[in-house]
Amino acid sequence: MNRNWVCIDNKGYEEHLIVGKVYTEITDGFVDHQCILIKDETGMLSEYHYPSRFITIDEWRELQLKKIGI
(Lines give C-alpha, C1' and ligand atoms only; values in the text may rest on other atoms or scores of the structure.)
Protein backbone atom coordinates (compact mmCIF):
# COMPACT_ATOMS: atom_id res chain seq x y z
CA MET A 1 0.00 0.00 0.00
CA ASN A 2 1.40 3.38 -0.99
CA ARG A 3 1.42 6.11 1.62
CA ASN A 4 1.07 9.82 1.04
CA TRP A 5 3.54 12.24 2.58
CA VAL A 6 3.53 16.05 2.83
CA CYS A 7 6.82 17.90 2.45
CA ILE A 8 7.49 20.19 5.43
CA ASP A 9 11.14 21.06 4.78
CA ASN A 10 12.94 21.48 1.46
CA LYS A 11 16.08 23.30 2.64
CA GLY A 12 18.89 22.32 0.33
CA TYR A 13 16.45 20.57 -1.99
CA GLU A 14 14.42 23.54 -3.24
CA GLU A 15 14.55 22.35 -6.85
CA HIS A 16 13.55 18.82 -5.84
CA LEU A 17 10.77 19.28 -3.27
CA ILE A 18 7.88 21.71 -2.74
CA VAL A 19 6.80 22.47 0.84
CA GLY A 20 3.13 21.58 1.32
CA LYS A 21 3.00 19.26 -1.68
CA VAL A 22 1.75 15.70 -1.27
CA TYR A 23 4.09 13.01 -2.56
CA THR A 24 3.17 9.34 -2.92
CA GLU A 25 5.70 6.89 -1.59
CA ILE A 26 6.91 4.29 -4.06
CA THR A 27 7.11 0.92 -2.38
CA ASP A 28 8.67 -1.00 -5.26
CA GLY A 29 12.21 -0.79 -4.00
CA PHE A 30 14.52 -1.13 -1.06
CA VAL A 31 15.13 2.02 0.96
CA ASP A 32 16.99 2.67 4.18
CA HIS A 33 15.08 2.56 7.45
CA GLN A 34 13.08 5.77 8.02
CA CYS A 35 13.47 6.88 4.43
CA ILE A 36 10.87 7.17 1.71
CA LEU A 37 11.23 6.76 -2.02
CA ILE A 38 9.31 9.28 -4.14
CA LYS A 39 9.41 10.80 -7.58
CA ASP A 40 10.62 14.35 -6.89
CA GLU A 41 10.13 17.55 -8.93
CA THR A 42 12.99 16.66 -11.24
CA GLY A 43 11.18 13.45 -12.20
CA MET A 44 13.82 11.28 -10.59
CA LEU A 45 13.15 8.56 -8.03
CA SER A 46 14.83 9.84 -4.89
CA GLU A 47 15.17 8.65 -1.32
CA TYR A 48 14.52 11.17 1.48
CA HIS A 49 14.77 10.91 5.25
CA TYR A 50 11.14 11.38 6.26
CA PRO A 51 11.24 12.44 9.94
CA SER A 52 12.93 15.70 8.98
CA ARG A 53 11.40 16.42 5.56
CA PHE A 54 7.95 14.82 5.55
CA ILE A 55 4.92 14.07 7.70
CA THR A 56 2.01 11.80 6.89
CA ILE A 57 -1.06 13.28 5.24
CA ASP A 58 -3.02 12.58 8.46
CA GLU A 59 -0.48 14.51 10.57
CA TRP A 60 -0.66 17.38 8.05
CA ARG A 61 -4.46 17.50 8.30
CA GLU A 62 -4.30 17.60 12.10
CA LEU A 63 -1.85 20.52 11.98
CA GLN A 64 -4.10 22.41 9.56
CA LEU A 65 -7.15 21.85 11.78
CA LYS A 66 -5.25 23.09 14.84
CA LYS A 67 -4.25 26.23 12.95
CA ILE A 68 -7.89 27.13 12.32
CA GLY A 69 -8.97 26.09 15.82
CA ILE A 70 -11.01 22.99 15.08
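Just above sits the structure.
Here the residue index of a chain counts from 1 through its sequence in written order. Given that this is a predicted model, residues contribute local features only at a pLDDT of at least 70 and side-chain atom pairs are listed and counted only at 80 or more, while totals for whole chains, interfaces and linings are drawn from all residues. In computing side-chain values, all of the structure's heavy atoms are included and hydrogens and water are not.

1. Overview of the sheet that holds strand β1 (residues 4–7)
- Two strands pair under a simple rule: DSSP has to find at least two bridges between them. Every helix listed is a DSSP run of H or I at least four residues long, and every strand listed is a run of E at least two residues long, numbered separately from the N terminus. With antiparallel pairing, the three strands of this open sheet are ordered in space as β2-β1-β5. The open sheet is flanked by β2 (22–24) and β5 (54–56), the only strands paired with a single partner. The sheet shows a mean angle of 40° between the axes of neighbouring strands, taken without regard to direction.
- The pairing of β1 with β2 spans three bridges and is classified as antiparallel. Bridge pairing in β2 places Trp5 opposite Tyr23. Interaxial angle, 0 to 180 degrees, is taken between N-to-C directions of lines fitted to C-alpha atoms, where a helix line uses only the stretch in contact.

2. Considerations on the pairing of strand β4 (residues 45–49)
- Alternating positions in β4 separate cleanly, Ser46 and Tyr48 being buried on one face and Leu45, Glu47 and His49 remaining unburied on the opposite face.
- Both strand β3 (residues 35–39) and β4 contribute to a ladder of five bridges, which runs antiparallel. Bridge assignment links Lys39 to a residue of β4, and that residue is Leu45.
- Hairpin geometry of β3 and β4 is characterised by an intervening segment of five residues between the two adjacent antiparallel strands and by a positive phi of about 90° at Gly43. Only protein chains enter the area calculation, which uses a 1.4 Å probe; residues under 20% of their type maximum are buried, those over 50% are exposed, and those in between are partly exposed.

3. Let's talk about the side chain of Asn10
- If you trace the backbone, Asn10 turns up in the loop between β1 and β2.
- Overall, Asn10 belongs to the buried group, its relative accessible area being 17%.
- Once you skip the residues sitting within four places of it in the chain, Asn10 turns out to touch Leu17, Ile18, Val19 and Arg53. Contacts were defined at the residue level, with two residues in contact if any of their heavy atoms lie within 4.5 Å.

4. Examining the pairing of β1
- Pairing of β1 with β5 involves three bridges; the strand directions are antiparallel. Opposite Cys7, over in β5, you have Phe54 as the bridge partner.

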